[in-house]
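Structural overview
Letter by letter, the chains look like this.
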Amino acid sequence: QVIKCKAAVAWAAGEPLKIEEVEVAPPQAMEVRIKIHYTALCHTDLYFWEAKGQTPLFPRILGHEAAGVVESVGEGVTDLKEGDTVLPVFTGECGECRHCKSEESNMCDLLRINTDRGVMISDGKSRFSINGKPIYHFVGTSTFSEYTVTHVGSLAKINPEAPLDKVCILSCGVSTGMGATLNVAKPKKGSSVAIFGLGGVGLAAAEGARMAGASRIIGIDLNSDRFEKAKLFGVTEFINPLDYKKPIQEVIAEKTDGGVDYSIECTGNVKAMIQAFESCHDGWGVAVLVGVPHSDAVFATSPVNFLNERTLKGTFFGNYKPRTDLPGLVELYMDKKLQLEKFITHEVSFADINKAFDYMIKGESLRCVTNVIGN
């Protein structure tokens, strides 16, 4: 049956979201309809709400960091059932393509992120409508709604005992940053790690470095106010490039006897990407790019930096396969080996979801969690 529920609809770029009554159609083949309990705001939501630098698509229901419970399943869905606890993810794992079958990749051919698509893959239609008018989806999740419909491959089944107001933030930022360190950089115990950008993803990367046993974790950010908070995530030193007249990679080289063992770039600024790579020590240094740059950005560095045995890597969602790996991250939290509470700086009701945008625009929040079921 069609479900009528509340959703926060973005009607136009930069306009406050409006709580509307929407109709959510039943799930079709290989789809699942879920009841969202908690959703968080990620910078990607903000970016596409502002519609700067990409094709605007409105009206739209944003949101992709969330946790909820399966309400119903469509034809062909066998590994999820009504009542299962799930994390919806902006990318997916079909289990059949070459990427999914590879141990090296998590970039599913069918379900990898597509920010321009506002409809379901199966039939090219939206499952949301208001008075018969379609409302577009966002990255296959659209979690700013009491109910949403996703492809089954974009849902990770997790421990039903997990607190959904905490584990919801594993759907994107925390997993991306932490995985960039643990799965891609793979720092050794006692090593040095530089983190470029101390927002939510950068602090998750720092948390990964702390968990790996790095002895020096250097945070680089243009906002010195972020250092105190960063200490909670294991950052031991802080560098603000604005405090120096020389290139920051030279500053890092001087402080670390030639460069850090590993660097993780979490800003999306191509200049910072180049700095992160060039701040690595020759012979063994590894740099990992996490941030998404402007489409016209060009990475430029001397080939000698590669010939001197530095390694440059990139990552997508921290190289985690959503359905395979996220349940394990939830268990890390349940076993108190991963602390999620320190990422959550604000909580708001669903009716006040626009406050979450205000907090992020002002730089006051890491993650703001919205209580969807409590409204």
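Residues numbered from 1 in each chain as written. Predicted model: local features only at pLDDT ≥ 70, side-chain atom pairs only at ≥ 80, totals over all residues. Heavy atoms only, no water.

Selection criterion: UniProt positions are given in the numbering used here, feature names are shortened, and annotations may be inferred rather than shown by experiment.
The chain is annotated in an unreviewed UniProt entry as Alcohol dehydrogenase 1 of Pinus banksiana. Per UniProt, the chain has the following entry under Sequence similarities (unreviewed entry): "Belongs to the zinc-containing alcohol dehydrogenase family."

A word on the side chain of Thr 141
As a reminder of what qualifies: In this description a helix means any DSSP run of H or I spanning at least four residues, a strand means any run of E spanning at least two, and both kinds are numbered starting from the N terminus. Burial here depends on accessible area, computed with a 1.4 Å probe over protein chains only, as a share of the maximum for the residue type. Under 20% is buried, over 50% is exposed, and the range in between is partly exposed. It only takes one pair of heavy atoms within 4.5 Å for two residues to be counted as in contact.
Among the secondary structure elements, Thr 141 is positioned in the loop between β7 (133-135) and β8 (147-151). Thr 141 gets classed as buried once you look at its relative accessible area, which sits at 0%. Not counting residues within four places of it along the chain, the set of residues in contact with Thr 141 comprises Gly 63, His 64, Pro 88, Val 89, Phe 90, Thr 148 and Thr 150.

Re the packing of helix α4 (residues 173-185) against helix α5 (residues 200-212)
Filter applied, for reference: Inter-axis angles, ranging from 0 to 180 degrees, are taken between N-to-C directions of lines fitted to C-alpha atoms, where helices are fitted over the stretch in contact. Oblique is the label for every angle not falling under 35 degrees (roughly parallel), over 145 degrees (roughly antiparallel), or within 65 to 115 degrees (roughly perpendicular). Each crossing is labelled by how the near helix is turned from the far one, with a counterclockwise turn of less than a right angle marking it left-handed and a clockwise turn marking it right-handed. Any residue outside Ala, Val, Leu, Ile, Met, Phe, Trp, Tyr, Cys, Pro, Asp, Glu, Lys and Arg is labelled polar, Gly included; the first ten of those are nonpolar and the last four are charged.
Across the interface, α4 lies against α5 with an axial gap of 7 Å and an inter-helix angle of 45 degrees. Between α4 and α5, the interaxial angle falls into the category oblique. For the element pair α4 and α5, the recorded crossing hand is right-handed. In this structure, α4 uses Gly 173, Val 174, Thr 176, Gly 177, Met 178, Thr 181 and Leu 182 to contact α5, whose residues at the interface are Val 201, Ala 204, Ala 205, Gly 208, Ala 209, Met 211 and Ala 212. Here the residues of the contact of α4 with α5 are counted per class, giving 9 nonpolar, 5 polar and no charged.

Considering empty space enclosed by the protein
Rules: Throughout, the protein atoms alone are placed on a 1 Å grid, and a set of points is a cavity if a 1.4 Å probe fits but cannot get out or a pocket if it is open with protein on both sides within 12 Å along at least five of seven lines; lining residues have an atom within 4 Å of a point. Grid points are joined across faces, edges and corners, and a volume is the space filled by probe spheres set on the points.
Under the defined criterion, the tally for this structure stands at 1 cavity of 30 Å³ or more. Each pocket or cavity is described by its volume, and for the largest cavity that value is around 180 Å³. Lining the largest cavity are 17 residues; nearest its centre among them are Leu 111, Arg 117, Ile 121, Val 139 and Gly 140. Partitioned by chemical class, the residues of the lining of the largest cavity number 7 nonpolar, 7 polar and 3 charged.

A look at the state of the cysteines
Selection rule: The criterion for a disulfide is a pair of cysteine sulfur atoms lying within 2.5 Å.
One pass over the full model with this rule turns up 0 disulfides. No disulfide involves Cys 168; its sulfur sits 10 Å from that of Cys 368, the nearest cysteine. Of the cysteine sulfurs around Cys 172, a residue in no disulfide, the closest is that of Cys 42, at 3.9 Å.

Considering the UniProt feature "domain: Alcohol dehydrogenase-like C-terminal" (unreviewed entry) in the chain
The feature "domain: Alcohol dehydrogenase-like C-terminal" (unreviewed entry), as annotated in UniProt, sits at residues 200-332 in this numbering. Structurally, residues 200-332 is divided into 38% helix and 15% strand, and its ends, taken at the C-alpha atoms, are 19 Å apart.

Regarding the sheet that holds strand β14 (residues 286-289)
What counts is decided by this rule: The pairing criterion for strands is at least two bridges between them, as found by DSSP.
Spatial ordering of the open sheet is given by β12-β11-β10-β13-β14-β15, a layout of 6 strands whose pairing is parallel. Since the sheet does not close on itself, it has two edges, and those belong to β12 (237-239) and β15 (311-314), each with one partner. Between one strand axis and the next, the sheet turns through 20 degrees on average, direction left out of account. As paired elements, strand β10 (residues 192-196) and strand β11 (residues 216-220) share 5 bridges and run parallel to each other. Bridge pairing links Val 193 to Ile 217 in β11. The strands touched by helix α7 (residues 248-255) are β10, β11 and β12; relative to β12, the strand with the most contacts, the crossing angle is about 150 degrees.

Some details on the domain arrangement of the chain
Inclusion rule: For the purposes of this description, domain bounds are those given by an automatic or database domain assignment. In this description, buried area is defined as the sum, over both parts, of the accessible area (probe of 1.4 Å) that is lost when the two are combined. Just to be clear on terms, a salt bridge is a Lys or Arg side-chain nitrogen sitting within 4 Å of an Asp or Glu carboxyl oxygen. Counted as a polar contact is a pair of N or O atoms within 3.5 Å, where, for protein atoms, one must be capable of donating a hydrogen and the other of accepting one, and residues adjacent in sequence contribute only when both atoms are in side chains.
For the chain, the assigned domains read domain 1 (3-169 + 340-371) and domain 2 (177-316). Domain 1 and domain 2 are separated by 30 Å when their C-alpha centres are compared. Each partner contributes residues to the interface: domain 1 has 9 residues there, and domain 2 has 10 residues. Contact between domain 1 and domain 2 buries roughly 910 Å² in total, counting both sides, with carbon and sulfur atoms accounting for 70%. Three residues stand out in domain 1 for area buried against domain 2, namely Lys 342, Phe 343 and Leu 366, and they jointly supply 59% of the buried area on that side. Counting across the domain 1 and domain 2 interface gives 1 salt bridge. Put simply, Glu 207 and Lys 342 hold a salt bridge, and the shortest N to O gap is 2.9 Å. Joining domain 1 to domain 2, the criterion identifies 4 residue pairs in polar contact (both at pLDDT 80 or more). Each residue belonging to the side of domain 1 that touches domain 2 can be placed in one class, and the counts come to 5 nonpolar, 3 polar and 1 charged.

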